[in-house]
Structures are given as C-alpha cells and as structure tokens.
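Geometric and topological summary
Here's the letter readout for the chains.
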Amino acid sequence: MAAHTEKHEKAPGKPGGKEAQPLIIARTPREEQRLKLERLMRNPDKPAPIPDRPKEWNPRAPPEFVRDVMGSGAGAGSGEFHVYRHLRRREYQRQDFLDTMAEKQNKDQDYLDKVEENKLAADERTAKRRKKREKLKQKKLMAKKAKQDGGKGDEEPDKSSTSGGDEDREREAEDDAEVPSFIMGKK
C-alpha cells in the first residue's frame, strides 16, 4: 500500500510533466489545420516532420508462367470468377499504367524537341542581327574612310568620274538599296 500512496502523492504536483490540455475536436478542415499549426508552434525548436515524397506506383509485373490456367469447363467453382475478376482488373491497371507512361514520355520528348527548335530559331535570329550589326559597322568605317579620303582626294575628282562612271553609279545604287531607315547612335 505504501507504493500506492506514493504514486498519488506525485501525481497532483507533477512539476516536470506535461500540462493537461483540453481535448478540442476540429469541426472544419480549416480548424484542423489551425490546431496542427498551433501544436507545431508550441515547441519551435523541435523539427517539423516532413514526409518523404511517395514513390510512384508501379504495377506488378505479369507472371512469366501461369500455373492456374482457367478453363471454360462447366464445373468451375463459384470462387473462380472472383479470381478471374481480380486478374483481369490487375491486367487492365497494368495496361493503363503502360499507356500513361508512354504518353508521358511522348510529351516529354515533344517538349524537348520544342525547346531545341526554339533554341535554334533564337540562334538564327541572333546570327541575322549580328550580321546586320557587322554590316552597319562596315558601312560606318567605309563612310569614315571616304570622308577622310574625300578631304585628301579633292584634287582628283575628274579622274574617278571619267574612268568608271557606270561602275560608280551601280555601286551607289546598291549602297542606296542597303541603307537602313535608321542608324543607331546618330542623333
């Protein structure tokens, strides 16, 4: 009896034990979530349980050798239909899974093809714009050289007009066709 009284003496004090908490029943999902958060936040030092990602479901592989081949005899028992039904359901699930996986792989491949196609198109546009920039740069250099040569070569304007007048006109026509509607950097 002495042991029994000792338990009762320790029970009311409980200085180091947990506090008794009232039982609260959640009536809505929102209230349930609130209660879970409150329980987590009571002890912030304790790590929160984060479950691992569930593994993807895989059907059982079909049997390599079927030993219980069901015949179509008239004497089949009443339990055989249920065995057949479960086998059929399992096989349909397996086929659906294989179809779903094949569709997912096709979509992934289509996505990768589309990404590659977009990358090639972007590279082509970049190359085209780079070529255009280089062309403008060359024109600016040619114009600068012509301006410098124009200042030095004012003494020989007759020579160039008499020797290749047709060539100069054709070259100017080509240059006029290639002049952009705007020049970057000029005001």
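This text follows the structure it describes.
Criteria and thresholds
- Residues numbered from 1 in each chain as written.
- Predicted model: local features only at pLDDT ≥ 70, side-chain atom pairs only at ≥ 80, totals over all residues.
- Heavy atoms only, no water.
- Patch = residues over 30% accessible without salt bridge, like charges linked within 9 Å, V, L, I, M, F, W, Y side chains within 5 Å.
- Areas by Shrake-Rupley, 256 points an atom, 1.4 Å probe, with all protein chains shown as cover.
- Salt bridge = Lys/Arg side-chain N within 4 Å of Asp/Glu carboxyl O.
- Lys, Arg positive; Asp, Glu negative; His and termini not counted.
- Charge placed at Lys NZ, Arg CZ, Asp CG, Glu CD.
- Helix = DSSP H or I, 4+ residues; strand = E, 2+ residues; numbered from the N terminus.
- Buried < 20%, exposed > 50% of the residue type's maximum accessible area, 1.4 Å probe, protein only.
- Contact = heavy atoms within 4.5 Å.

It is worth spelling out a negative patch on the surface at this point. A surface patch of negative charge is lined by Asp108, Asp110, Asp113, Glu116, Glu117, Asp123 and Glu124. Along the polypeptide, aspartate 123 turns up in helix α3 (residues 80-152). You can call aspartate 123 partly exposed: its relative accessible area is 44%.

Another aspect to go through is the side chain of arginine 94. Considering the arrangement of structural elements, one finds arginine 94 in helix α3. Those residues within four positions of arginine 94 in sequence are excluded, and the remaining contacts are Pro59, Arg60 and Pro62.

This model, assessed by the stated rule, comprises 4 salt bridges. Glutamate 91 is paired through a salt bridge with arginine 94; the nearest N and O atoms lie 2.9 Å apart. With glutamate 91 and arginine 94 both in helix α3 and 3 residues apart, this pair spans about one turn of that helix. Overall, the relative accessible area of 18% leaves arginine 94 in the buried class. Residue lysine 107 pairs with glutamate 103 through a salt bridge whose shortest N-O separation is 3.7 Å. Of this pair, lysine 107 and glutamate 103 both sit in helix α3, 4 residues apart, roughly one helical turn.

Just distances and angles here, no functional claims.
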